[in-house]
Amino acid sequence: MDFLSNLELGFSVALSAHNLLYCLIGVFLGTAVGVLPGLGPAATLSLLLPITFGMPPTSAVIMLAGIYYGTAYGGSITSILLNIPGEASSVVTCIDGHEMARRGRAGPALGIAAFGSFIAGTIAVVAISVVGPAVAGMALRFGPPEYAALVVLGLVLICFMSEADMVRGLTMVALGLLLSTIGLDPILGSERFTFGSTSLADGINLAVLAMGLFGVAELLMIATRPPEQAEFLRQPTRLRALLPSRADWRRSAGPIGRGTVIGFILGLIPGGGGIIASFASYVLEKRLSRRPEEFGKGAIEGVAGPESANNAGVQATFLPLLTLGLPANVVLAIMMGALLVHGITPGPRLVTDHPELFWGVVASMYVGNVLLLVLNVPLIAVFVSMLRLPYAILAPLILMFCIVGAYSLNNNVADVYMLGVFGLLGLGLRLARFDPAPLVLAFALGQLLEQSLRQSLLMRQGSPVVFLERPIAASFLALAATLLLAAAYKELRRRAAASVAGAAAL
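Here the structure is a predicted model, which is why all the values come from computation and not from measurement. (Residues numbered from 1 in each chain as written. Predicted model: local features only at pLDDT ≥ 70, side-chain atom pairs only at ≥ 80, totals over all residues. Heavy atoms only, no water.)

Draft legend 1. Representation of the environment of Glu99 in the model. Note that Glu99 resides in helix α5 (residues 91–102). With 10 residues separating them along the chain, Glu99 and Ala109 place their C-alpha atoms 9.5 Å apart. When sequence neighbours within four positions are dropped, the list of residues in contact with Glu99 reads Cys94, Gly296, Lys297 and Gly298. (Helix = DSSP H or I, 4+ residues; strand = E, 2+ residues; numbered from the N terminus. Contact = heavy atoms within 4.5 Å.)

Draft legend 2. Representation of helix α4 (residues 57–82) within the structure. Here α4 contains 26 residues, and its C-alpha end-to-end distance of 38 Å stays within 8% of the 38 Å for a straight helix at 1.5 Å per residue. Where α4 bends most, the angle comes to about 30 degrees, and this point is Thr71. Among the 26 residues that make up α4, 25 are buried, leaving the element largely enclosed by the rest of the structure. Positive phi appears at Asn83, one or two residues downstream of α4, with a value of about 65 degrees. (Expected span 1.5 Å × (residues − 1). Bend = angle between axes of the 7 residues up to and from the residue. Buried < 20%, exposed > 50% of the residue type's maximum accessible area, 1.4 Å probe, protein only.)

Draft legend 3. Layout of the nonpolar core. Judged by nonpolar contacts, the single largest core of 89 residues is most densely connected at Leu110, Leu155, Leu179, Ile204, Leu209, Leu266 and Phe279. The element that contributes the greatest number of residues to this core is helix α7 (residues 144–161), accounting for 11 residues. Both of domain 1 (2–467) and domain 2 (470–506) provide at least three residues apiece to this core. (Core = buried A, V, L, I, M, F, W, Y, C linked by side-chain atoms within 4.5 Å. Domains from an automatic or database assignment.)

Draft legend 4. Region of the structure containing helix α12 (residues 246–267). With 22 residues, α12 extends 30 Å from end C-alpha to end C-alpha; this agrees with the ideal 32 Å at 1.5 Å per step. At Ser252, α12 shows its maximal kink, close to 40 degrees; a proline, Pro255, follows between one and four residues later.

Draft legend 5. Layout of the environment of Leu220. Secondary-structure assignment places Leu220 in helix α9 (residues 206–223). Once the C-alpha coordinates of Leu220 and Gly428 are considered, the two residues, 208 residues apart in sequence, prove to be 9.9 Å apart.

Draft legend 6. Broad picture of the packing of aromatic side chains. Enumeration according to the criterion identifies five aromatic pairs in this entry. Geometrically, the ring pair formed by Phe115 and Trp249 is tilted, given 5.6 Å between the ring centres and 55 degrees between the ring planes. Linking Phe115 in helix α6 (residues 106–135) with Trp249 in helix α12, this pair joins segments that are 134 residues apart in sequence. Taking relative accessible area as the criterion, Trp249 reaches 29% and is therefore assigned partly exposed. Pairing Phe358 with Trp359 gives two aromatic rings, centres 5.1 Å apart and planes at 90 degrees, and the pair type is edge-to-face. (Phe/Tyr/Trp six-rings, centres within 6.5 Å; stacked < 30°, edge-to-face > 60°.)

Draft legend 7. Structural detail: the pattern of salt bridges. The tally for this structure, following the rule as stated, stands at 13 salt bridges. Across the pair Arg291 and Glu301 runs a salt bridge, and its minimum N-O distance is 3.7 Å. Of this pair, Arg291 sits in the loop between α13 (273–288) and α14 (301–316) while Glu301 sits in helix α14, and the two are 10 residues apart along the sequence. For Arg454, the salt bridge goes to Glu450, with nearest N and O atoms at 3.1 Å. Of the two residues, Arg454 and Glu450 both sit in helix α22 (residues 437–459), four residues apart, roughly one turn of that helix. With relative accessibility at 24%, the residue Arg454 sits in the partly exposed group. A relative accessible area of 14% places Glu450 in the buried class. Here the residues in one salt-bridge network are Asp185, Arg192, Glu450 and Arg454, joined through shared partners. (Salt bridge = Lys/Arg side-chain N within 4 Å of Asp/Glu carboxyl O.)

Following this line, the structure appears as structure tokens:
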């Protein structure tokens, strides 16, 4: 009964005229921010934070939250259509989503991304409402050793996700980790690998790296072969043909459900969120699929699972913030700052001291997911029509899109130069048959790994025993080691079978 009365309170707050307007503004801006590569929710919230100082605290958080989970919807659009990740968590969507677009199935890819995100987001909000405060306590058990072990497990999973073999995947992960060390030391504050350049003092921007390795490299790759852009012209025009078919839904139902569970669980862990959840879902679906050879070539499961996990993870991150005062990332840290400015301290007493804020924000997520679906699905035909443009027009627009996105990050021409460098690097990797996705994801997790690893070692004066003393960290590392051994055993068996077959042929 308390739950129903709390939910009734939440909807009475969320459905008030001004809060409904702020929610609509938030999800609309979030979709736009997700579509524009380089801008990102952190920069947007930082710019809009002063505006919220004159707003009621509940309205401010509702709008900022709408921007945050709205970017998870918008980021899939450019990933699918242009192979440009709007957000780091959308990198995985590029792998199969863009291949679907190349095969004339951009509509179903966009549709399943929108519907999967809606279903996952809604289920995640229901879970927050029902089991939220109790489940959030598990986040308190995560310290630096657990974060380090979780990222190690994530990096192993990244290698499994690679389209190439395990060795190539490990090479890309190593290169991504190396690039993540450029800039200031996270503990000592000294410069590393900057070669005296002030532009590298803050490190390489993830958006520039992703746009170069995916967007610019895609343009360069197409330029190296005869014009074959007619494949982009074979996009259907009827609305029914643009939406997922019954067969698509049958293939996507399981990935959406599993992605939702993975995303929600990892979203409760500070430092988890959409990035780890999206590629964990992709790896799982590839392992469970009866058609694993289709992954990387336009499998709809490779869009449905990661997009669902991404959105469930994003929405689940609000739970540790509101109930424990633990922001999972920089975006939620900005939201925490907005609450503190209004004199509200996130934590265990927020639910009892400010129930209208907690339940109002939770209810606004229900409303926001519906608004995002209403905004995105009718626009699928508009988005797909972009691919019917002649490539001579589309290619310069994509390049301009990337350049403007890179420059807008810091208003620095050096970012545009780095965009070109990473575009050439991405072209070289593709010609050498290396998958750039593990590089980008390893780069995104590199700083978290380094910081948590060094903090863990400092806890025991440099002794790695600290990882064995913590059950959660030890479990993560044991699972990572098991996966690596299984992959090595599988590769040895494959090579042995190949050598036997070669000997028999002789």
